[in-house]
Each structure stands twice: as C-alpha cells, then as structure tokens.
Amino acid sequence: MPLDVAAAVVSNRALSSDYNVLTLAAPAIAALARPGQFVMVKAGRHHDPLLRRPFSLFEIVRTAHGAPTGFSLLNKRIGPSTSLLYRASPGDTIDVLGPLGTAFTLIDAPQAAWLVAGGVGLAPFAALAETLAARRVSTTLFYGARTAAELFYLDFFERLGVDLVLTTEDGSRGERGRVVAPLDRRLAARQADDAVTVYACGPEGMLHAVAAVAARHARPCEVSVERIMGCGMGGCYSCVVPVRLPSGAAHHVRACLEGPVLASDRIVW
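This structure is a prediction, so every number in the text was calculated from the model and none was measured.

Caption draft 1: Summary view of the overall build of the protein chain. Each helix and strand in the protein chain was counted, giving six helices and 16 strands. Whereas a compact globule of 269 residues would reach a radius of gyration of roughly 18 Å, the protein chain reaches 18 Å, a difference of no more than 12%. Judged by the C-alpha coordinates and their principal axes, the protein chain covers about 55 × 45 × 40 Å. Buried residues in the protein chain amount to 48% of all 269 residues. Of the contacts formed within the protein chain by residues at least 6 apart in sequence, a portion of 64% connects residues at least 24 apart. Averaging the locations of the 26 positively and 23 negatively charged side chains of the protein chain gives two centres separated by 2 Å.

Caption draft 2: The arrangement of the pattern of salt bridges in detail. Inspection of every chain in the model, using the stated rule, returns 11 salt bridges. Linking D184 and R216 is a salt bridge whose minimum nitrogen-to-oxygen distance equals 2.9 Å. Here R216 lies in helix 6 (residues 204-216) and D184 lies in helix 5 (residues 180-189), a separation of 32 residues in the sequence. The exposed category is assigned to R216, whose relative accessible area is 51%. Of the charged contacts, one joins E258 and R266 as a salt bridge, the two residues approaching to 3.3 Å between their closest N and O atoms. E258 sits in the partly exposed class, given a relative accessible area of 36%.

Caption draft 3: Layout of the pairing of strand 13 (residues 221-224). A two-sided burial pattern is seen for strand 13, the buried positions comprising C221 and V223 on one face and E222 and S224 on the other. Sheet topology note: the strand 12 (residues 196-201)/strand 13 ladder contains four bridges and is parallel. Its bridge partner lying in strand 13, C201 is registered against S224. Assessed by its sense of winding, the connection that carries the chain from strand 12 through helix 6 to strand 13 is right-handed. Taken together, the three bridges between strand 13 and strand 16 (residues 261-263) define a ladder with antiparallel strand orientation.

Caption draft 4: Spatial organisation of the sheet that holds strand 13. Taken in spatial order, the seven strands make up an open sheet running 11-10-9-8-12-13-16, and their pairing is mixed. Each edge of the sheet is formed by a strand with only one pairing partner; in this case those strands are strand 11 (175-176) and strand 16. Two strands pair when backbone bridges link them, and strand 8 (residues 112-118) and strand 12 are joined in this way by six bridges, in the parallel orientation. Within strand 12, the position partnered with A117 by the bridge is C201. With respect to the sheet, helix 6 is in contact with strand 8, strand 12 and strand 13, its orientation differing from that of strand 12 by roughly 170°.

Caption draft 5: Layout of helix 5. Listed in full, the buried residues belonging to helix 5 are V180, P182, L183 and L187. Each buried residue of helix 5 sits inside an arc of 160° when the element is viewed along its axis, so together they form one side. Away from its buried face by more than 90 degrees, helix 5 exposes A188 and A189. Those residues of helix 5 that are buried are in contact with strand 8, strand 9 (138-145), strand 10 (163-168), strand 11, strand 12 and helix 6.

Caption draft 6: Representation of the environment of V137 in the model. Mapped onto the fold, V137 is located in the loop between helix 3 (125-134) and strand 9. The class of V137 is buried, set by a relative accessible area of 6%. V137 sits 31 residues away from L106 along the chain, and the two C-alpha atoms are 9.7 Å apart. Here V137 is in contact with I107, D108, A109, Q111, A112, A113 and L132, once residues within four sequence places are set aside.

What counts and what doesn't
Residues numbered from 1 in each chain as written. Predicted model: local features only at pLDDT ≥ 70, side-chain atom pairs only at ≥ 80, totals over all residues. Heavy atoms only, no water. Helix = DSSP H or I, 4+ residues; strand = E, 2+ residues; numbered from the N terminus. Rg over C-alpha atoms; globule rule 2.2 N^0.38 Å. Buried < 20%, exposed > 50% of the residue type's maximum accessible area, 1.4 Å probe, protein only. Contact = heavy atoms within 4.5 Å. Lys, Arg positive; Asp, Glu negative; His and termini not counted. Charge placed at Lys NZ, Arg CZ, Asp CG, Glu CD. Salt bridge = Lys/Arg side-chain N within 4 Å of Asp/Glu carboxyl O. Pairing = 2+ DSSP bridges. Right-handed = clockwise from strand over helix to strand, strands pointing away. Axes fitted to C-alpha atoms, helices over the stretch in contact; angles between N-to-C directions. Arc of directions from axis to C-beta.

What follows is the structure, given as structure tokens:
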C-alpha cells in the first residue's frame, strides 16, 4: 500500500527560470520506490490547489552508507501547483502519497538499455540510470529538448557512465531535430542479436514515434505515459489509456494502476 506522509523540503535547486529539482525527506517512501513509479503531491497547505498532482520519482536520495532518506522531483513551472513547488523553501512541508504505479522492467548485462527522454520526460530516468549502473548495464540516454538551456542534469548521467546522445530543435547543442532520428539510425546499425531494451518518457507524439521505431527494429520497448490524474489510485478514471488485449480487442486501463509504465506494443496509439 502507498504511504501518505508530510515530507519536509530538504533543498530546492533551480535549474532555470522554469525548472527546479525539489528534494524531500521521505525515507519510508524512498525505501519502497522503484524506477518508473510516481507520487501524488499536494503543493499547498490550503484548498487551492485542491487536488494533488502526479510526479515521477527523479532521484532516490541516500546516505553515504546507502540508506534511503528521501527522493527528488523534477518540476516544470506551468501552473498553480508547479509554481508552488518551484518556490518551496527548505523546511516547508509537502503532502506526498506513494510510491504508486508500475515500475520499469529491469534488465541485466550484457543487455543494453537505451533511454529516450523528451523535455521533462527526463524525470523517471535518473533513478533508472542509477539502478542500471549498479547492475553494470550499458546505458545510453537519447535526450531531446527545444534548446541547449533545457538539457538538464547531463553531469549526473555522465558520472554514471551513461552515453549521451543529445538533440535540440534549434541546433544549439547536439544534433538539430527530434530525438527519435538518432535512435532510429543507431538501432538500424545494431546487429540483430545485440540485446537492446528501449525505455521512453515524453510527449505522446514522441512516445508513439519511439514505439514505431522499436517495433520496426524488433526491440522491446517500455514507455512511461503522461496522463492527467485526479487521484492516482484508480478511483476517478481520469487517466485511462487504450490498449489491445491478446484477443485483439481494444480495452482501457488506468495509467495510475497498470501504468504509467506500459509495454509500447500494448498501446493503441
């Protein structure tokens, strides 16, 4: 069962005028969390905003001896809740429910992991990259953003030994264009018997394109879908995703329960 805790803000690191990383003290949630899961966060202490908002678990924070003490959230300021999180100060208390949802399927070496992130879709991949590094899995991050100023946490992934493939829409860093293009080329260049699993998180259009590329090259692919969630526990049915049953019939599942991580070939795009 998920835990509902009042988590103290440990730190708030501004990455830009709109992005920040908020670290919360919540050891009980951190001890249960797995890469790809999320939490429901109530940013204010009053009725506005009324509902909690879903956030992927970004980093699992640990002591020098490896004991979990909390986690961080990658936040983009776009509305009332995210603005409150952007302005939060150390010592503030934030209500957090989690961990929730289905995690990524972990692989072992000599398989390789290719992570594909678009913008704030980077959020679930810090924890996943750390976990894969501990399992000695060769990991590549395909990371796309609008500009170089919106490519965050590159030093974090480099310290883990992650190979970075960067794209920007304006060409200010890495390849100019969308992140799916280098993914397609590199998959085409791999031998058929080279085991690669693709993981993706970002806008729906990007996820659809990644799923198509992975299918074309016969590679397993898991995507973390983005959905509006009213409760995070399956009660409100606001986060349904169309999927195909083994019989071929279409069906809807709740992203907060069966997701947010789903096999890409299950989804009816």
